[in-house]
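Per-entry structural report
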Amino acid sequence: MIQEIAGGVCAPKGFRANGVHCGIRKNKIKKDLALIVADKKCATACVYTTNLVKGAPILVTQKNVADGFAQAVIVNSGNANTCNANGMEIAEEMCRLVEEHTGIPHSDVVVASTGVIGQKLSIDPIANGMGELVKGLGDNSTAAAEAIMTTDTVIKEVSFSFELDGKAVRIGAICKGVGMICPNMATMLMFITTDADISPAMLRKAILADVKDSLNMLSVDRDTSTNDTLCIMASGLAGNREIVASGKDFRCFCDALHRVTSTLCRMLAADGEGATKLIECRVSGAKSKKDARLAAKSVINSNLLKAALFGADANWGRVLCALGYSGAKIDVDKIAVAFKSRLGELPVCDSGRGIEFSEETAKKVLSENEIVIDVQLNDGRGTAVAWGCDLTYDYVKINGDYRT
């Protein structure tokens, strides 16, 4: 049984964290530097943005975790350290600062940055803030989660307990991201910790499989960030037999991992820039899993549909339109669509044709802050879920002056 617990990235054994304001951001009440450290070297796996333009921290992290291990994560917000002449130097120096202040080898450090692209970043505020950051290391997952936020309006952290090999195991995470979210990889920044004992190879297998049905199914605005990084670290301190192959324990671990990532996907979508509604598209009856994923993601990505749901307009034709250009193999004459919320269910389409419905009921159902679009393709056994949000006036306002 998977149970929600408190603690975030500090819930698993062997992890401490902290977040401080060091001066990268002008607003002194906003934290901008985070650190997660482990008591021992951890099995580590990462997934990164598919954007050809990548932040320098990604290149440094790829080198540092090439052996499948790491022991610390340092992250700054307020500056993406992307397209900077000295970007690699800054990212590498951040790792060296971790070594200087904690003793953890710089080659065992994951480094990440988020914020404005193409803006010079000085190492000085980071260096000046390291003393306070390290001194405050402890059960401070929330402080670390706050320090990686940019335009996020809520802190995003979760943690769960489950059982492996008769041992209590914990897994926790923090993440950030409300814009530039539609990569076929992950969200902007997500850091997961667990005390499960699992080999680097199996950890990587688990996360690569999971993102296909979690973070790859998340979209806010169809943009792909240059700095997207998902990192998972396993301390092995839970005491279970090391997971080195597929089997019952591996499946159990993957279930817990998906609970973390899918929970955070909902939080990320609900907090999309300017969003007022979380939208979840559930597709069933597709010819294949691939077709289900394509269909669900296409619906979530439709700007026309996102705008309609902002206005609580049951314009279901936009759902079929998105399904039609999704690339999925679909028999249009078999499609059924319904909108759902806590206030009821509204069938709007059956066999590819419209159904009469009450506009008053539609307005009531779609005025809630969580909307489900239920799509039944009735042509197979493939299923998928995708998460997104509505498109509002505030999205344009936020991105109209994001840099200035």
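Described below are features of the structure shown in this document. Model, not experiment: these values are computed from the prediction.

Concerning the side chain of E280
Among the structural elements, E280 can be located in strand β10 (residues 278-286). For E280, the side chain forms a polar contact with the side chain of R266, separated by 2.8 Å.

Examining the nonpolar core
The nonpolar side chains of a soluble globular protein tend to be buried with one another. In this structure, I192, I207, F253, V319, F339 and I373 are the most contacted members of the largest nonpolar core, which totals 72 residues. In terms of residue count, helix α6 (residues 248-270) provides more of this core than any other element does, nine residues in total. What V319 contacts, discounting residues up to four positions off in sequence, is V299, L305, V337, F339, I373 and V375. Within the second largest apolar cluster, 26 residues are counted, among which are A34, A38, A147 and C231.

Focus: the pairing of strand β6 (residues 156-164)
Burial runs high along β6: seven of the nine residues are buried. Relative to β6, strand β1 (residues 3-4) is paired through two bridges, and the arrangement is antiparallel. Residue pairing in the sheet places E4 in a bridge with F160 of β6. As judged from the nine bridges shared by β6 and strand β7 (residues 167-176), these two strands associate in the antiparallel manner. Bridge pairing in β7 places F162 opposite V169. Taking the residues that link successive antiparallel strands as the turn, the β6-β7 hairpin has two residues, and the phi of D165 there is positive, at about 55 degrees.

Topic: unusual backbone geometry
Notably, A312 is not glycine yet its phi reads approximately 55 degrees, a positive angle. Relative to the helices and strands, A312 is located in the loop between α8 (303-310) and α9 (317-324).

Some words on the pattern of salt bridges
Scanning the entire structure with this criterion turns up 18 salt bridges. Here E280 and R282 are joined by a salt bridge, their closest N and O atoms 2.5 Å apart. Here E280 falls in the buried class, since its relative accessible area comes to 8%. The exposure class assigned to R282 is partly exposed, which follows from its relative accessible area of 36%. Bridged by salt links that share partners, the residues R266, E280, R282 and E370 form one connected network.

Here we look at the packing of aromatic side chains
If you walk through the whole model with that rule in mind, you get two aromatic pairs. Considering the side-chain rings of F162 and F253, the 6.5 Å spacing of their centres and the 55 degrees angle between planes classify their relative orientation as tilted. Separated by 91 residues along the polypeptide, F162 in strand β6 and F253 in helix α6 bring together distant segments of the chain. Using a relative accessible area of 4% as the deciding quantity, one classes F162 as buried. For the ring pair F310 and Y393, a centre distance of 5.3 Å and an interplane angle of 90 degrees mean the geometry is edge-to-face. Of this pair, F310 sits in helix α8 while Y393 sits in helix α11 (residues 393-400), placing them 83 residues apart in sequence. For F310, a relative accessible area of 27% corresponds to the partly exposed category. The exposure class assigned to Y393 is exposed, which follows from its relative accessible area of 63%.

Points about the packing of helix α1 (residues 56-64) against helix α2 (residues 87-102)
It is at 8 Å that the axes of α1 and α2 come closest, and there the two elements cross at 50 degrees. With respect to α2, the element α1 is oriented oblique. Between α1 and α2 the crossing geometry is right-handed. Taking contact as the criterion, the partners of A56, P57, L59, V60, K63 and N64 in α1 are, on α2, G87, M88, A91, E92 and C95. Of the residues assigned to the contact of α1 with α2, the class counts are seven nonpolar, two polar and two charged.

Reading the values: rules and limits
- Along each chain, residue indices are assigned from 1 in the same order as the chain's sequence is written.
- The predicted origin of the model limits local features to residues at a pLDDT of at least 70 and limits the giving and counting of side-chain atom pairs to 80 or more, whereas totals for whole chains, interfaces and linings rest on all residues.
- Each side-chain value is derived from all of the structure's non-hydrogen atoms; neither hydrogens nor water enter the calculation.
- The helix count covers DSSP runs of H or I at least four residues long, the strand count covers runs of E at least two residues long, and both are numbered beginning at the N terminus.
- Two N or O atoms form a polar contact when they lie within 3.5 Å of each other; inside protein one atom must be a possible hydrogen donor and the other a possible acceptor, and for residues adjacent in sequence the pair counts only when both atoms belong to side chains.
- The term nonpolar core refers to a set of buried residues drawn from Ala, Val, Leu, Ile, Met, Phe, Trp, Tyr and Cys, joined through side-chain atoms within 4.5 Å.
- Residue burial is assigned from relative accessible area. The probe radius is 1.4 Å, only protein chains are included, and a residue is buried under 20% of its type maximum, exposed over 50%, and partly exposed in between.
- Only heavy atoms matter for contacts: two residues are in contact if any of them lie within 4.5 Å across the pair.
- Pairing between strands is defined by DSSP: at least two bridges between them are needed.
- What counts as a salt bridge is simple: a side-chain nitrogen of Lys or Arg found within 4 Å of a carboxyl oxygen of Asp or Glu.
- Ring geometry is summarised as follows: Phe, Tyr and Trp rings, the Trp one being its six-membered ring, pair when their centres sit within 6.5 Å, and such pairs are stacked at plane angles under 30 degrees, edge-to-face over 60 and tilted between the two.
- Note on definitions: angles span 0 to 180 degrees between N-to-C directions of axes, and those axes are lines fitted to C-alpha atoms, for helices only across the stretch in contact.
- Geometric relationships in this document are graded by angle, where less than 35 degrees denotes roughly parallel, more than 145 denotes roughly antiparallel, 65 to 115 denotes roughly perpendicular, and other angles denote oblique.
- Rotating anticlockwise by less than a right angle from the far helix to the near helix defines a left-handed crossing, while the corresponding clockwise rotation defines a right-handed one.
- The classification used treats Ala, Val, Leu, Ile, Met, Phe, Trp, Tyr, Cys and Pro as nonpolar, Asp, Glu, Lys and Arg as charged, and all other residues, Gly among them, as polar.

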